[in-house]
Amino acid sequence: MSTHATARVAAPTRREQILREAARLFAERGFHGVGVDEIGAAVGISGPGLYRHFPGKDAMLAELLVGISERLLAGGKLRVTEGGASGGGSPDALLDALIEGHIDFALDDRPLITLHDRELDRLRDTDRKRVRQLQRQYVEVWVEAVRARYPALPENEARVTVHAVFGLLNSTPHLTRPEALPDRAATAALLHRLARGAFAAAAS
């Protein structure tokens, strides 16, 4: 495949651009504080033009929250399948791989964390139940990995610790001042140490 073709494949679609800007605006100003026209302006199309891609803001919110839950679960399952291959498939390597994947989400998709915290209840019942179902499955992927590394840790304690680690990693939207975070690599390394420390403390 040519370099040009690769660039075309990698470029975000208009639909993806709309979702990215919608997430940013919803997180900054709240779901009801943003109009369709403003989302359209952010991606360079008229507000009514958005309706060729989405029937409305509710559909954008649903796709954002269901979509990120699907991506996290798929990424977690992929890391289990690969077995933390870079570390020889050890339980340590798998746990590190899961933490790294979630840190990427926590640093790169902060508006989605804010959206989930503020707007989940705005989803229709079927979408909200789907998000919850996907999240439960994602937690169980982690619980199995944690207990493979720390087999003496009871299952219920492992599950509580996984939720606590998610809370720790998902705290990134609250660090809003530019000086609140070091550079990305340093922040990722710090979050990783904190997550591993939490699991080790639970197991001790």
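What you see is a predicted model, and the numbers here were worked out from it, not measured in a lab. (Residues numbered from 1 in each chain as written. Predicted model: local features only at pLDDT ≥ 70, side-chain atom pairs only at ≥ 80, totals over all residues. Heavy atoms only, no water.)

A. Structural detail: the nonpolar core. Judged by nonpolar contacts, the single largest core of 56 residues is most densely connected at F26, I39, M60, W142 and F199. For this core, the elements supplying multiple residues, two or more each, are α2 (14–29), α3 (36–43), α4 (57–82), α5 (91–108), α6 (110–119), α7 (125–149), α8 (155–169) and α9 (184–203). (Core = buried A, V, L, I, M, F, W, Y, C linked by side-chain atoms within 4.5 Å. Buried < 20%, exposed > 50% of the residue type's maximum accessible area, 1.4 Å probe, protein only. Helix = DSSP H or I, 4+ residues; strand = E, 2+ residues; numbered from the N terminus.)

B. Structural context of the packing of α2 against α6. Direction vectors running N to C along α2 and α6 enclose 55°, while the axes themselves pass 8 Å from each other. Our classification of the angle between α2 and α6 gives oblique. For the crossing formed where α2 meets α6, the hand is left-handed. Facing α2, whose interface residues are A23, R24, F26 and A27, α6 presents P111, L112, T114, L115 and R118. (Axes fitted to C-alpha atoms, helices over the stretch in contact; angles between N-to-C directions. Parallel < 35°, antiparallel > 145°, perpendicular 65-115°, else oblique. Left-handed = near helix turned anticlockwise from the far one by under 90°. Contact = heavy atoms within 4.5 Å.)

C. A look at the pattern of salt bridges. Tallied over the entire structure, the rule returns 15 salt bridges. The salt bridge involving R124 is made with D127; its shortest N-O contact spans 2.9 Å. For the salt bridge of R128 with D125, the shortest nitrogen-to-oxygen distance reads 2.4 Å. A residue pair is termed a helical-turn pair when its members lie 3 or 4 positions apart in one helix, as R128 and D125 do in helix α7 at three residues. Salt bridges linked by common partners bring D92, D96, R149 and R196 together as one network. (Salt bridge = Lys/Arg side-chain N within 4 Å of Asp/Glu carboxyl O.)

D. Examining the packing of aromatic side chains more closely. Considering all chains together, one arrives at five aromatic pairs under this definition. Centre to centre, the rings of W142 and F166 are 5.0 Å apart; their planes meet at 85°, and the pair counts as edge-to-face. Of this pair, W142 sits in helix α7 while F166 sits in helix α8; the two residues are 24 residues apart in sequence, bridging distant segments of the chain. Here W142 and F166 have matching classes, each one buried. Here the aromatic residues Y138, W142, F166 and F199 are joined through ring pairs into a cluster of three or more. (Phe/Tyr/Trp six-rings, centres within 6.5 Å; stacked < 30°, edge-to-face > 60°.)

E. Structural view of α6. L112, I113, T114, L115 and E119 are the residues of α6 that are buried. Structurally, α6 contributes buried residues whose contacts are with α2, α4 and α5.

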